[in-house]
Amino acid sequence: MSTSKTAPDQVWEPESKGRRTRRRILEAARRTFGELGYERATIRAIAAEAEVDKSSVIQYFGTKQQLFRESLDFGIDIDSLTTDDPGRTAENYLRAMLERWAAAPDSPMAVLLRTSMTSEEAAQMLREHVTAVAIDRIAPGIHGPDARLRAALAGAVMFGITVHRHLIRMPDLAEADLDDVLRLAVPLVRSLLDADTD
């Protein structure tokens, strides 16, 4: 009697209890940081939101700062949005950023941005996070001189547009149609991503 084996990539494994608990804590942390901000959010409040013991939060994440760092999820996969066409890449980046912030205006990333204006600790976290998830990934795709500076400037432009549209809510930008924002802003971002346009 022969038995057939399922290929490894076809095997479905249920999420372990540990992973499920960790994910629940992370989701609760994002909600709590978004509602209360970094300073006011506590491990105790996050544990209550996740319906776990405070010790579980510490076991999985260590400190509030480490938990906050892990909750900083852009939800934007720079690598998958990068193409051989700088114009398409610029639109992909800016569209993804604007849509992500529109969907979660009180995300931990927004909390970090607000807090960074008054906290050097938060400012340092913001610098490290943006450098790691954006600049370090965008710069290798820029061919020519000043790749890292170009990546940083492109990030600053996109961040600025996003902040004015979704956090400060400047009327002309906040009320504009997304396609109009992209139509006018993408060429600027493209010019920074494409060294050949100089």
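Residues numbered from 1 in each chain as written. Predicted model: local features only at pLDDT ≥ 70, side-chain atom pairs only at ≥ 80, totals over all residues. Heavy atoms only, no water.

Undergrad: If you had to explain the overall build of the protein chain to someone new, which residues and values would you point to?
TA: Along its length, the protein chain carries 11 helices and 0 strands. Moving toward the C terminus, one meets the helices and strands of the protein chain in the order α-α-α-α-α-α-α-α-α-α-α. Within the protein chain, the fraction of its 198 residues that count as buried is 41%. Relative to all contacts within the protein chain whose residues are 6 or more apart in sequence, the contacts with residues 24 or more apart total 63%. In the form shown here, the protein chain has an accessible surface area of approximately 11,700 Å², with 51% of it arising from carbon and sulfur atoms. (Helix = DSSP H or I, 4+ residues; strand = E, 2+ residues; numbered from the N terminus. Buried < 20%, exposed > 50% of the residue type's maximum accessible area, 1.4 Å probe, protein only. Contact = heavy atoms within 4.5 Å. Areas by Shrake-Rupley, 256 points an atom, 1.4 Å probe, with all protein chains shown as cover.)

Undergrad: Would you mind going over the packing of aromatic side chains in detail, with residue names and values included?
TA: As enumerated under the stated definition, the model contains 4 aromatic pairs in all. Their ring planes at 25 degrees and their centres at 6.1 Å tell us that F33 and Y38 sit as a pair that is stacked. Accessibility assignment for this pair places F33 and Y38 in one class, buried. On the accessibility criterion, F33 (0% relative accessible area) is buried. Above the plane of the ring of Y38 lies K64, whose end atom (NZ or CZ) is 4.5 Å from the centre. (Phe/Tyr/Trp six-rings, centres within 6.5 Å; stacked < 30°, edge-to-face > 60°. Lys NZ or Arg CZ within 6 Å of the ring centre and 35° of its normal.)

Undergrad: Hey, could you go over helix 6 (residues 86-103) for me, with residue numbers and the actual values?
TA: Relative to the 26 Å expected for 18 residues at 1.5 Å per residue, helix 6 spans 26 Å between its end C-alpha atoms, a close match to the ideal helical length. Next to the buried residues of helix 6 lie helix 5 (78-81), helix 7 (108-116), helix 8 (120-138), helix 9 (147-166) and helix 11 (178-193). One side-chain oxygen of the residue at the start of helix 6 lies 2.9 Å from the amide nitrogen of G87, identifying that residue as D85. (Expected span 1.5 Å × (residues − 1). Polar contact = N/O pair within 3.5 Å; in protein donor to acceptor, adjacent residues only side chain to side chain.)

Undergrad: Tell me about the pattern of salt bridges, residues and numbers included.
TA: Applying the stated criterion to the full structure yields 13 salt bridges. Its salt-bridge partner being R137, residue D79 comes within 3.2 Å of it at the nearest N-O pair. With D79 in helix 5 and R137 in helix 8, the pair connects residues that are 58 residues apart, well separated along the chain. Given a relative accessible area of 40%, R137 falls into the partly exposed group. Salt-bridge contacts for R190 lead to D194; the nearest nitrogen and oxygen are separated by 3.3 Å. Given a relative accessible area of 28%, R190 falls into the partly exposed group. Taken together, the salt bridges that share partners define one network made up of R88, E91, R95, E99 and D179. (Salt bridge = Lys/Arg side-chain N within 4 Å of Asp/Glu carboxyl O.)

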